[in-house]
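Single-letter residue listing:
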Amino acid sequence: MAGVRERVRESVGPSVRRLRRERQWRQDGVVAHPDRAEPDGFAHHVAAHRTPIFRELAGVDRRLQENKAVNLVIAAGRLDGLVLRPGQRMSFWRLVGKPTYRRGFKDGLVLRQGQVDEAVGGGLCQMTNLLYWMTVHSPLSVVERWRHTYDVFPDNGRTQPFGSGATCSWPVLDLQIENRTIATFRLSLGVERTDLAGAWTSDQPPQHTYEVYEAAHVMTNDLPGVFTRRNVLRRRVFDLAGVEVADELLAVNEGRLMYQPFLESGAAG
């Protein structure tokens, strides 16, 4: 009987998860068909970011990164030009939709329990990472974000603090952003030859600038061969005169390391 129940859960689980997510979208008023607009009318720069699509990763098939680029192009096509008006909330997955071969998505790199694997739509977390990073440098509010539970690669070349991204997995792990301001924002996203690039622009000039920083960073050796990394992300808010007006908590992160770290003196506990 236990085996039968397990098979039933496996067969109905995806449908239940999708129904729950669709109910949340409806209850929280997540936009299903947002307006789109050309850049005209959104002349004010708010935040921009770009990340390389291709990285030298030991043991990772180059094909998976090339397929990731295809997946990013499809997703960008569903998001580029989106307009987020006051009071509106957007969902990454409601707009991008389920990644399937039929829709043109390909097998890309994914992480399962900290191990490199491949699956249809793999690599889309690069887009949610970029969206999250841009949004925390804007007046928009991140209302749903899931942190990475594993730190898979060492810090070689890392330009942002640990835990400054947002993972995604259809449809459970979503990224949702809400406009709680009186301005209207436009999202631009594009896949260039080597980079994924994005920007938020607005119909009104920004009133603040933002600086995201890391606090309380520590690596601990919890068990033999088991290391955990923790930190806190905070954000300084400055007015147009450069005066700090707020220091806000963004996220508390924790991830198991999948590599042997160099622990500074006093970092291990």
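Residues numbered from 1 in each chain as written. Predicted model: local features only at pLDDT ≥ 70, side-chain atom pairs only at ≥ 80, totals over all residues. Heavy atoms only, no water.

Draft legend 1. Inspection of the sheet that holds strand β1 (residues 44-52) at higher detail. Here we have 4 strands laid out as an open sheet, ordered β1-β10-β9-β2, and antiparallel in their pairing. With one partner strand each, in any of the chains shown, β1 and β2 (83-84) form the two edges of the open sheet. Relative to strand β10 (residues 195-202), β1 runs antiparallel, the two sharing 8 bridges. Pairing of A47 across the sheet is with W200, part of β10. Contacts from helix α2 (residues 62-79) reach β9 (185-191) and β10, with the element oriented near 155° to β9. Packing against the sheet, helix α4 (residues 125-135) makes contact with β1, β9 and β10, and its axis sits at approximately 145° to β1. (Pairing = 2+ DSSP bridges. Helix = DSSP H or I, 4+ residues; strand = E, 2+ residues; numbered from the N terminus. Contact = heavy atoms within 4.5 Å. Axes fitted to C-alpha atoms, helices over the stretch in contact; angles between N-to-C directions.)

Draft legend 2. Representation of unusual backbone geometry in the model. Cis geometry is found at the peptide bond from W170 to P171, where omega equals -20°. When you line up the elements, P171 lands in the loop between β7 (150-151) and β8 (176-178). The backbone phi angle of A216 is positive, close to 55°, even though this residue is not glycine. Relative to the assigned elements, A216 resides in strand β11 (residues 208-223).

Draft legend 3. Fine view of α2. Relative to the 26 Å expected for 18 residues at 1.5 Å per residue, α2 spans 26 Å between its end C-alpha atoms, a close match to the ideal helical length. Along α2, the positions that sit buried rather than exposed are L64, Q65, N67, K68, A69, N71, L72, A75, A76 and L79. G81, located one to two residues past α2, shows a positive phi value of around 90°. (Expected span 1.5 Å × (residues − 1). Buried < 20%, exposed > 50% of the residue type's maximum accessible area, 1.4 Å probe, protein only.)

Draft legend 4. Layout of the environment of S188. With respect to the element layout, S188 can be found in strand β9. For the pair formed by S188 and V83, sequence separation is 105 residues and the distance between their alpha carbons is 9.4 Å. Setting aside residues up to four positions removed in sequence, S188 forms contacts with D80, G81, A197, G198 and A199.

Draft legend 5. Here's a closer look at α4. Across the 11 residues of α4, 9 count as buried, placing the element largely inside the fold. Those residues of α4 lying buried are Q126, M127, T128, L130, L131, Y132, W133, M134 and T135.

Draft legend 6. Representation of the nonpolar core within the structure. Judged by nonpolar contacts, the single largest core of 41 residues is most densely connected at L79, M90, F92, M127, L131 and W200. Broken down by secondary-structure element, the contributors of at least two residues to this core are β1, α2, α3 (92-96), α4, β9 and β10. At 6 residues, the largest contribution of residues to this core is made by α4. In contact with F92, not counting residues within four places along its chain, are L79, L124, M127, T128, L131, C168, D174 and L175. (Core = buried A, V, L, I, M, F, W, Y, C linked by side-chain atoms within 4.5 Å.)

Draft legend 7. Structural view of the sheet that holds β7. Spatially, 4 strands are ordered β7-β13-β12-β11 in an open sheet, and the strand pairing comes out mixed. A strand with exactly one partner marks an edge of an open sheet, and here the two such strands are β7 and β11. With 11 bridges joining them, strand β12 (residues 226-239) and strand β13 (residues 244-257) adopt antiparallel strand pairing. Bridging from a neighbouring strand, V237 pairs with A246 of β13.

Draft legend 8. Representation of the packing of aromatic side chains within the structure. A full pass over the atoms with the stated rule returns 4 aromatic pairs. Aromatic side chains W25 and W170 sit 6.4 Å apart centroid to centroid with 50° between the ring planes, which places their arrangement in the tilted category. Taken together, the positions of W25 in helix α1 (residues 2-27) and W170 in the loop between β7 and β8 put the pair 145 residues apart, joining distant regions of the chain. Overall, the relative accessible area of 6% leaves W25 in the buried class. Geometrically, the ring pair formed by F185 and W200 is edge-to-face, given 6.5 Å between the ring centres and 90° between the ring planes. (Phe/Tyr/Trp six-rings, centres within 6.5 Å; stacked < 30°, edge-to-face > 60°.)

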